[in-house]
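Architecture and fold: a report
One-letter residues, chain by chain:
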Amino acid sequence: MESFTVRRAKTSDVKSIRDLVRPLAEDRVLLEKEAVAYYENLQEFFVAEDADGNVIGCGGLHVMWEDIAEVRTLATHSAWRGHGVGHRLLSKLLDEARDLGVSRVFCLTFEVDFFLRNGFTVMAEQSAVDPEVYSELLRSTDEGVAEFLDLARVKPNTLGNTRMITNL
């Protein structure tokens with residue numbers, strides 16, 4: 001494989017991000033989002049691009065609270081899987097979390113082995129936040145926060161996913 005670079009996402013990348021996510025959403029590995037959701041959250045995203053400027057991977061970091069963020073929509077083009085794209089994107093997202101002052105990063109994934117290799121552990125069933133923070137997070141309308149809190153209302157959407165976390 002040729003080399004690739006990782007950079008912040010731009011508005012012109014949204015179509016490519018959606019094209020990357022679509023087959024994974026069809027396989028029920030990722031949730032497909034409307035284009036507007038990507039534009040609204042674009043500042044959270046990084047992309048990997050090959051030497052020809054094609055987007056070959058993406059991932060976002062969504063801050064949920066003072067000390068915790070979530071890795072979202074981490075995806076790699078099928079032709080590039082196993083070539084370090086996901087690892088480099090995840091490393092960039094974890095660096096971003098450190099820069100923002102976040103000390104823990106959460107993900108909801110089917111790719112347990114990948115995240116284990118990158119320092120994540122499976123979350124225990126109990127809440128990862130204290131009761132006061134839990135109460136505040138319950139006020140969020142963000143589905144990712146609901147998944148992090150393991151709320152029953154999101155169970156049908158996340159059946160089979162594993163909640164994982166790492167300390168930075």
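Quick look at the structure, then. Note that the coordinates shown come from a computational prediction; the quantities given were computed from them, not determined experimentally. (Residues numbered from 1 in each chain as written. Predicted model: local features only at pLDDT ≥ 70, side-chain atom pairs only at ≥ 80, totals over all residues. Heavy atoms only, no water.)

A closer look at the sheet that holds strand β4 (residues 68-76)
- Here we have seven strands laid out as an open sheet, ordered β1-β2-β3-β4-β5-β7-β6, and mixed in their pairing. Whereas interior strands pair on both sides, the edge strands pair on one side only; in this sheet they are β1 (4-8) and β6 (121-122).
- As judged from the six bridges shared by strand β5 (residues 104-109) and strand β7 (residues 162-167), these two strands associate in the antiparallel manner. By the bridge assignment, C107 is partnered in β7 with M164.
- Against the sheet, helix α1 (residues 14-26) touches β2 (45-50), β3 (55-65) and β4, its axis set at about 90° to β3.
- Along the sheet face, helix α3 (residues 85-100) touches β1, β2, β3, β4, β5 and β7 and points at about 30° away from the line of β3. (Pairing = 2+ DSSP bridges. Helix = DSSP H or I, 4+ residues; strand = E, 2+ residues; numbered from the N terminus. Contact = heavy atoms within 4.5 Å. Axes fitted to C-alpha atoms, helices over the stretch in contact; angles between N-to-C directions.)

Here we look at the pairing of β5
- Among the six residues that make up β5, six are buried, leaving the element largely enclosed by the rest of the structure.
- Residues R104, F106 and L108 point to one face of β5 and V105, C107 and T109 to the other, with burial holding for every one of them.
- Sheet analysis places β4 next to β5, joined by three bridges and oriented parallel. The partner of I68 across the bridge, within β5, is R104.
- With α3 bridging β4 and its parallel neighbour β5, the resulting β-α-β unit is right-handed. (Buried < 20%, exposed > 50% of the residue type's maximum accessible area, 1.4 Å probe, protein only. Right-handed = clockwise from strand over helix to strand, strands pointing away.)

Re the packing of aromatic side chains
- Under the defined criterion, the tally for this structure stands at four aromatic pairs.
- Look at Y38 and F45: their rings are 5.8 Å apart centre to centre, the planes differ by 70°, and that puts the pair in the edge-to-face class. Here the two residues Y38 and F45 agree in accessibility, since each one is buried.
- Here the aromatic rings of F115 and F120 are separated by 5.0 Å at their centres, their planes lie at 80°, and the arrangement is edge-to-face. (Phe/Tyr/Trp six-rings, centres within 6.5 Å; stacked < 30°, edge-to-face > 60°.)

As for α1
- With 13 residues, α1 should reach 18 Å at 1.5 Å per residue; the first-to-last C-alpha distance of 18 Å fits that figure.
- When we look at burial in α1, the residues that qualify are V14, I17, L20, V21, L24 and A25.
- On its buried face, α1 sits against α2 (35-40), β2, β3 and β4.
- Once α1 ends, the next one or two residues include R28, with phi positive near 60°. (Expected span 1.5 Å × (residues − 1).)

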